[in-house]
Amino acid sequence: MLNGIWAFMILAGIVWAALHGNIAAVTQGLLSSAADAVSLCVTMLGVVSMWNGILKIGERSGLIDQLAGRMGPVLRFLFPRLPEDHPARRSIAVNMIANVLGLGWAATPAGLQAMKELAQLEEKRQPEIRSGAASREMCTFLIINISSLQLIPVNMIAYRSQYGSAAPTAIIGPAAAATAVSTLTAVVFCRIMDRRSR
Amino acid sequence: MKVILYLSDYIIPFVIFYIVAFGMLMRRPVYDDFAEGAKEGAKTVFGILPTLIGLMTGVGVLRTSGLLDAVSGALGRWTQAAGLAPQLLPVAIVKLFSSGAATGLALDIFKNYGPDSPLGLAVSLMLSSTETVFYTMSIYYLSVNVKKTRYTLPGALLATAAGIAASIFLAGRM
């Protein structure tokens, strides 16, 4: 997908510039953008490494597991038909906690595991229908996941500080509020759809 | 709004305190763990450097050619009615497919208007409160061979739209 987007940016940009006499500016733009990327990475190197180090402490000390264990009531509300002792519960909990903390590398494997377990559950429920259709739990899980759960947008803070923001972290509170709005919308939508398709 | 802005100042020190204290309670070698995590973080940043160069170069071409302004200008009439700045629409659309490309466009806004400008704040919040809808859906559903995604896409797009609306509303009050 990115291949198409990127090729479009380069090719369409160059054709447009040629038609509008901006070719010299494009050459300048190419060179300065490449240099900008490197100086941005230098800023990110500090912020992202620091944050990653802190989160590693949380991971190693069992904090994620502990928080995931407390997700019971939330999961019962979101997935009323998921059996209490089903292994997907744990994977979903770890995925959500990791997403909240901004641990992408821990979230994706747990999320894929959750999908696998939800698929097995659906096969057991309806062995006669092998239609390859998403179950209600899968829809809910993915919609919540895509609604974004991240509490602290570390990368965005690094970008802002690189571009000279007076208060790079000022966005944390409002970003958390916006994330809460999108997640609440997702939860309400999922609950309504869950009831309608019953 | 004041409480929300206070949260911005307090949350990072609080989270760091909580994690380090928790690590001490669990008798972990916290500094060793930190160093290991920081090393992984550094590797991650070095790993994204080439893609970042590619994406920022792509956006640089779009910008300097004048095409990005032309597109924003053409969209302006439609987006203004919806209360969306024309520069934000390309970011919102691209973010559905690729986080990296959307970041490239956001950095371009930072460069031209500044990260603390109304546009810069709105785009900061937008990218922090939305996910790559189509990319995430394809990765997760392909992994279990699901082809009928039922109400996942409408739900995901609705949540994303709510996040964008909230971002613009909140950015206007910062």
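As the structure is a prediction and not an experimental result, all values here were calculated from the model. (Residues numbered from 1 in each chain as written. Chains lettered and ligands numbered in written order. Predicted model: local features only at pLDDT ≥ 70, side-chain atom pairs only at ≥ 80, totals over all residues. Heavy atoms only, no water.)

**Student:** Help me understand the nonpolar core, please; the structure alone is not making it clear to me.
**Tutor:** The nonpolar side chains of a soluble globular protein tend to be buried, and buried together. Among the nonpolar cores identified, the biggest contains 63 residues, and Ile92(A), Met96(A), Ile152(A) and Tyr141(B) are the most heavily contacted of them. If near-sequence neighbours (up to four positions away) are discounted, Ile92(A) is found in contact with Leu75(A), Phe79(A), Leu82(A), Ala114(A), Leu118(A) and Phe141(A). Grouped together as the second largest cluster of nonpolar side chains are 48 residues, Val48(A), Val45(B), Val123(B) and Met126(B) included. (Core = buried A, V, L, I, M, F, W, Y, C linked by side-chain atoms within 4.5 Å. Buried < 20%, exposed > 50% of the residue type's maximum accessible area, 1.4 Å probe, protein only. Contact = heavy atoms within 4.5 Å.)

**Student:** Please clarify how the environment of Lys147(B) should be interpreted in this entry.
**Tutor:** Position of Lys147(B) among the secondary structure elements: in the loop between helix H7 (133–143) and helix H8 (152–171). Along the sequence, Lys147(B) and Ser117(B) sit 30 residues apart, while their C-alpha atoms lie 43 Å from each other. (Helix = DSSP H or I, 4+ residues; strand = E, 2+ residues; numbered from the N terminus.)

**Student:** Sorry, what's going on with helix H2 (residues 30–65) of chain B here?
**Tutor:** One full turn of an α-helix is made of 3.6 residues, so residues set three or four places apart face in the same direction. All names here are of chain B. Between the first and last C-alpha of H2 there are 50 Å, a value that for 36 residues agrees with the 52 Å anticipated at 1.5 Å per step. Along H2, the helix axis deviates most sharply at Leu49, where the bend reaches about 35 degrees; the proline Pro50 sits within four residues downstream. The first or second residue beyond H2 is Gly66, which carries a positive phi of 95 degrees. (Expected span 1.5 Å × (residues − 1). Bend = angle between axes of the 7 residues up to and from the residue.)

**Student:** I tried to follow helix H6 (residues 104–125) of chain A on my own but got confused; where do I start?
**Tutor:** For H6(A), with 22 residues, the first-to-last C-alpha span of 31 Å sits near the 32 Å given by 1.5 Å per residue. The set of residues buried in H6(A) consists of Ala106(A), Ala107(A), Ala110(A), Gly111(A), Ala114(A), Met115(A), Glu117(A), Leu118(A), Ala119(A), Leu121(A) and Glu122(A). Packing partners of the buried residues in H6(A) comprise helix H5 (88–101) and helix H7 (136–146) of chain A together with H7 of chain B.

**Student:** Would you mind going over unusual backbone geometry with me for this structure?
**Tutor:** Excluding glycine, residues mostly have negative phi values, and the peptide bonds linking residues are mostly trans. With a phi angle near 55 degrees, Arg27(B) is a residue other than glycine that sits in the positive phi range. Examined against the element boundaries, Arg27(B) turns out to sit in the loop between helix H1 (2–25) and H2.

**Student:** What's the story with the state of the cysteines in this structure? I'm lost.
**Tutor:** Structurally, a disulfide amounts to a covalent bond that connects the sulfur atoms of two cysteines. For the coordinates displayed, the defined rule picks out zero disulfides over all chains. Unpaired in this structure, Cys139(A) has its nearest cysteine sulfur neighbour in Cys190(A), at a distance of 7.8 Å. (Disulfide = S-S within 2.5 Å.)

**Student:** Honestly, the environment of Met96(A) in this entry has me stumped. Any pointers?
**Tutor:** Residues and elements named next belong to chain A. For Met96, the location among the structural elements is in helix H5. Take Met96: its relative accessible area is 5%, and that puts it in the buried class. Along the primary structure Met96 and Leu55 are separated by 41 residues, whereas in three dimensions their C-alpha atoms are 15 Å apart. Apart from the residues within four sequence positions on either side, Met96 is in contact with Met71, Leu75, Leu78, Phe79, Ile144 and Leu149.

**Student:** Please explain the interface of chain A and chain B as it appears in this structure.
**Tutor:** Note on interface size: it is often stated as the accessible area lost on association of the parts. Counting residues at the interface gives 96 residues for chain A and 92 residues for chain B. Of the roughly 8,000 Å² buried between chain A and chain B on both sides combined, carbon and sulfur atoms contribute 77%. Between chain A and chain B we count five salt bridges in total. One salt bridge connects Asp36(A) with Lys111(B), and the closest N-O pair in it is separated by 2.6 Å. Our count for the contact surface shared by chain A and chain B stands at 20 residue pairs in polar contact (both at pLDDT 80 or more). (Buried area = accessible area lost by both parts, 1.4 Å probe. Salt bridge = Lys/Arg side-chain N within 4 Å of Asp/Glu carboxyl O. Polar contact = N/O pair within 3.5 Å; in protein donor to acceptor, adjacent residues only side chain to side chain.)

**Student:** Just to check I follow, could you spell out the packing of aromatic side chains for this structure?
**Tutor:** Aromatic ring pairs are described here by two measures, namely the spacing of the ring centres and the angle between the planes. For the coordinates displayed, the defined rule picks out eight aromatic pairs over all chains. Centroid distance Tyr163(A) to Phe110(B): 6.2 Å. Interplanar angle 55 degrees. Geometry classified as tilted. You can see Tyr163(A) sitting in the loop between helix H8 (154–162) and helix H9 (172–196) and its partner Phe110(B) sitting in helix H5 (residues 99–113), one on each of two chains. The same class applies to Tyr163(A) as to Phe110(B), namely buried. Connected via pairs of aromatic rings, a cluster forms that spans Phe14(B), Tyr18(B) and Phe22(B). (Phe/Tyr/Trp six-rings, centres within 6.5 Å; stacked < 30°, edge-to-face > 60°.)

Don't take any of this as a statement about function, it's just geometry.
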